[in-house]
Amino acid sequence: MTEVRPTAASAALWERDDEVAAITRAIDTLCADRSSPGTLLVCQGEAGLGKTALLAETRRVAESRGATVWQARGGETLRSVPYNVVRQLLQPALVSMLPEEAREYLGDWYGIAGPALGIAEPGEGQADPQGVCEGLVAAVCRLARREWPLVLLIDDAHWADLETLRWLTALSGRLTETSVLVVVARRPGEATGDRARHLEEITAAGLPLARLTALTPESTAGLTRAALGAHADAPFCREVWAVTGGNPYEAVELLAKVRDSALDPVEAHAGELRALNSSARGGGLVARLTQLGIDATRFAWAAAILSTGITVDMVSGLATLQRVDAARCAELLRNARILADADPEARGTADGELEFLHPLIATAVYDSIPTGLRRAMHGIAAELVTDRGLGAAVASRHLLHVLPDNDQDIVWQLRDAAREHLAVGAPDAARRCLERALEEPPSPDTKARVLYELGCATLLTRLDATIGHLSEALAMDGLDGDQRVDAVFRLSQALLHNDQLDQALRTVEAEAARNPDPAARLRLQAVQFMWEGIHAGETPSPGRSARLAELASSCTGRDNSERALLILRGFDAMTHGESAEEVVEYCDRALVNGRLAPGLGWTDTEWGLELPMMLASAYAYTDRLDRAEALFTEALRAYESAGYGGGHLSLAYAYVGLGHRRRGRLKEAERSLRESLRIAERVGRGLPLYWSATCNLVDTLLARGHVEEAASLADQYGFAPPYPSTIVLPDPRSVRGRLLLATGRTAEGVSELEAAEKAAAARGRHNPVVVPWATDLARALAAEDPERAARLAADARRQAERFGTDTAIGEALRCAAALESGPRAVRLAAQAVTYLEASPCQYEHAAARVEHGLLAGSAAELERGLALAESCGADGLADRARTALLTGLTR
């Protein structure tokens, strides 16, 4: 009988009983209950210590329990390929489905995650990376239900691409919702930057297995005798352990060479082990490869360049070998334990593909290729990939390594690759391609366009880089017409979000002055007014509103620049408290058949989301809540359909919440705003979208009467000065002042409301609904300074009547009634009810009913107010009415 040599897998499982037991328990838990929460196991260890063997054992145990197992591996030379590892995991299962079946399982996520997985054509333009990430998480969740029990294995995660690591980080936070087992193997300390950060987050989220260590001398001796026979003596076994350091992979490779050389495993030959071991790695491996001949060496080099999809046909083309010679070399390299046949079941590879026996071998072979030759071979590989129709994005992995040589074809290929990467939500990959294109370098008439494309690619992730690239592009020739105007717009957008508003305005103003095209100038003027309109600073541009009014007065809405100016004029008039009827007229003129014009939609990039947000907000505060809610709902639907999972989606939920809050649906508002805040937390604190979610949620909790919860949330999320430089609706100073008053911090509340008064006066923002400091301050000062309180209430009423909405006037009358007593208070409260009954804002109507009932001593009015408060979810107001009814205290 032929003696069986121990494999690397079996050797690496020596002294791994605890790890195997933990893995087995996790598999049994998964298989026991379809509703069991998911589990993430993380295995760490240096190269050769058996991580891959543990994954192989995981696969064996899982399949023996009837589980489905999908496996993928990161590659040292594949880190620049976006979604490489997640594609390996999920693509085979999805490709095996019929197209209709894949669409059914992915649902709305098909068009978002499908392109990243390579199973669907990408759409036009730039996909949102966060949305793609969310889509990939959703894909796993849905596939886990279909394939339960499902086990995902990821080897060499330290070499995974950044996009996969983002996905895995997101998935690790959702495993409680998904019955799936994920096992990740990684080396510590291999990754840097964002990749290292994601790996640490993934490791922290999982259940770490004990870090793998080297085998003990005793286990190494057992392994040696299992491989060479029981007659292997102790000194020989001890030397095996000494020269390999107890590394299971090195021990197996060394013992294989001992067998091949027919060396007797006794102390007399122990001195030869060190030389044999050196041939298994590094320079020794390279020397052994050279002994196989130049053809075999060229084959191994070509395989290392390709790294994936290694076939005899591909390698023969890259290594310029006849196919018969390439096949012979493949067999030589198999026998030399350098290459092996890939396992199609383990990683979804095609039949006939080869892979390196161990990543250490792949690294040694790749590093042994002379630098100049390595770069040249990557160039040839790019040509092979392109000739086979695999696309510019696939070829770009190789082009990134080619020596720059003023090759304009490579510039074009890299630009095409960048567009493909952006279309699947991989802006970092696009950035690398465009940065490499600049090194080529591009021709002078092309360089500005490459810089422009690079600035667009980094807009979502690196504002400083975007500002630099677009500024440089605009300073040279090459950008003309709409492209130049768009570059100015995007530069100003980046400057604004980088808190450089003054520079953003100067950039737009300067371009408007120099651009000879009237249509371009009009668009740039609109952009300038837009940035000024959303700025919440203390000093507005002198005469801005008058200039905007004059410019908008002649606009008919014939193109998007005119429509933008009409929206901006309506929003400006709304914040200043001008006639609500005129505000609505401006806004209506900006629509086309009652809808947003093409190019001004929520996902259109020509103008951005600011304009439709301004339009919807203007409707929301002029009591046209049906139109506002339709726009807010359209935004949410558009962003979810397009896969926008970051700031856009957070703002959409915030404004949907604002619509609910204005309508008086407080419970629905709270749910939507909490979702907005959850997404905003993921995007990053301190951004305007974060303030929108927090401010509206605090306002909603106060309306519900949940004062302690509002105060706790404000503390938790830093709802306090300094405030953002961009406008937030409603006014955060006013909301925080009301919060401070509600928690008994009256002096601080009065001070905050006075600060709101000062800021509103400086900006001319006199809308008492958007910036409601006056009514709250009047109530707070009623006892200690009644004259000032009366003046504030009277001024608020004048502003409300100027604005002219039922909500504004009703709220002003509620405040006036609170400062009066006797019949006059009752009369004012009754008038407030009349106005607010006609208003769409049901919470304010409920408050007016309760207050009128208390002042008039009317149980019927209190009961109507109680019913309204309960329907709104205004618990505090309902309790107030209920207490008065139960105790008979109607005063």
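The structure presented is a predicted model; accordingly, all values stated were derived computationally and were not measured.

**Section: a negative patch on the surface**
A grouping of Glu15, Asp17, Asp18 and Glu218 is seen on the molecular surface, where their side chains present a negatively charged patch. Position of aspartate 17 among the secondary structure elements: in helix α2 (residues 17-32).

**Focus: the packing of aromatic side chains**
A complete count under the given rule lists 6 aromatic pairs for this structure. Each ring, one from tryptophan 691 and one from phenylalanine 719, has its centre 5.7 Å from the other, and the planes form 55 degrees; the classification is tilted. Of this pair, tryptophan 691 sits in helix α36 (residues 688-704) while phenylalanine 719 sits in the loop between α37 (707-716) and α38 (732-742); the two residues are 28 residues apart in sequence, bridging distant segments of the chain. Neither tryptophan 691 nor phenylalanine 719 differs from the other in exposure class; each is buried.

**So, the confidence of the model for the protein chain**
Confidence along the protein chain averages 89 in pLDDT terms, with 95% of residues attaining 70 or more. Taken together, the stretch residues 1-9 has pLDDT below 50 and engages in 18 contacts with residues farther than four places along the chain or on a different chain.

**Thoughts on the pattern of salt bridges**
Summed over all chains, the structure comprises 67 salt bridges. The closest approach of N and O atoms between arginine 431 and aspartate 428, which form a salt bridge, is 3.8 Å. Here aspartate 428 and arginine 431 lie together in helix α23 (residues 427-439), a separation of 3 residues that amounts to about one turn. Residue aspartate 428 is classed as buried on the basis of its relative accessible area of 7%.

**Structural notes on the state of the cysteines**
Enumeration according to the criterion identifies 0 disulfides in this entry. Here cysteine 433 stays unpaired: no disulfide links it, and the sulfur of cysteine 456, its closest cysteine neighbor, is 15 Å away. We classify cysteine 433 as buried; its relative accessible area is 1%.

**Some remarks on the sheet that holds strand β2 (residues 68-73)**
Read across the sheet, 5 strands follow the order β2-β3-β4-β1-β5 without closing on themselves; strand pairing throughout is parallel. Two strands bound the open sheet, and with one partner strand each, they are β2 and β5 (207-208). Relative to strand β4 (residues 180-186), strand β1 (residues 39-44) runs parallel, the two being bridged by 6 bridges. Note that in β4 the partner of valine 42 across the bridge is valine 184. Sitting on the sheet, helix α3 (residues 51-64) is in contact with β1, β2, β3 (150-155) and β4, with an inclination near 170 degrees to β3.

**Points about the environment of glycine 577**
Mapping glycine 577 onto the fold places it in the loop between α30 (560-575) and α31 (580-589). Of the residues examined, glycine 577 reaches a relative accessible area of 0% and is grouped as buried. When the C-alpha positions of glycine 577 and valine 770 are compared, they lie 8.8 Å apart, and in sequence the two are 193 residues distant. Glycine 577 has contacts with His766, Asn767, Arg802 and Phe803, leaving out every residue within four places of it along the chain.

**So, the packing of helix α4 (residues 84-95) against helix α6 (residues 110-117)**
Where α4 meets α6, the closest approach of the two axes is 9 Å, and the angle between their N-to-C directions is 115 degrees. With respect to α6, the axis of α4 lies roughly perpendicular. Of α6, the residues touching α4 (which contributes Val86, Arg87, Leu90, Gln91 and Leu94) are Pro115, Ala116 and Leu117. In the contact of α4 with α6, the residues fall into 6 nonpolar, 1 polar and 1 charged.

Parameters and conventions
- Residues numbered from 1 in each chain as written.
- Predicted model: local features only at pLDDT ≥ 70, side-chain atom pairs only at ≥ 80, totals over all residues.
- Heavy atoms only, no water.
- Patch = residues over 30% accessible without salt bridge, like charges linked within 9 Å, V, L, I, M, F, W, Y side chains within 5 Å.
- Areas by Shrake-Rupley, 256 points an atom, 1.4 Å probe, with all protein chains shown as cover.
- Salt bridge = Lys/Arg side-chain N within 4 Å of Asp/Glu carboxyl O.
- Lys, Arg positive; Asp, Glu negative; His and termini not counted.
- Charge placed at Lys NZ, Arg CZ, Asp CG, Glu CD.
- Helix = DSSP H or I, 4+ residues; strand = E, 2+ residues; numbered from the N terminus.
- Phe/Tyr/Trp six-rings, centres within 6.5 Å; stacked < 30°, edge-to-face > 60°.
- Buried < 20%, exposed > 50% of the residue type's maximum accessible area, 1.4 Å probe, protein only.
- pLDDT = per-residue confidence, 0-100.
- Contact = heavy atoms within 4.5 Å.
- Disulfide = S-S within 2.5 Å.
- Pairing = 2+ DSSP bridges.
- Axes fitted to C-alpha atoms, helices over the stretch in contact; angles between N-to-C directions.
- Parallel < 35°, antiparallel > 145°, perpendicular 65-115°, else oblique.
- Nonpolar A, V, L, I, M, F, W, Y, C, P; charged D, E, K, R; others polar.

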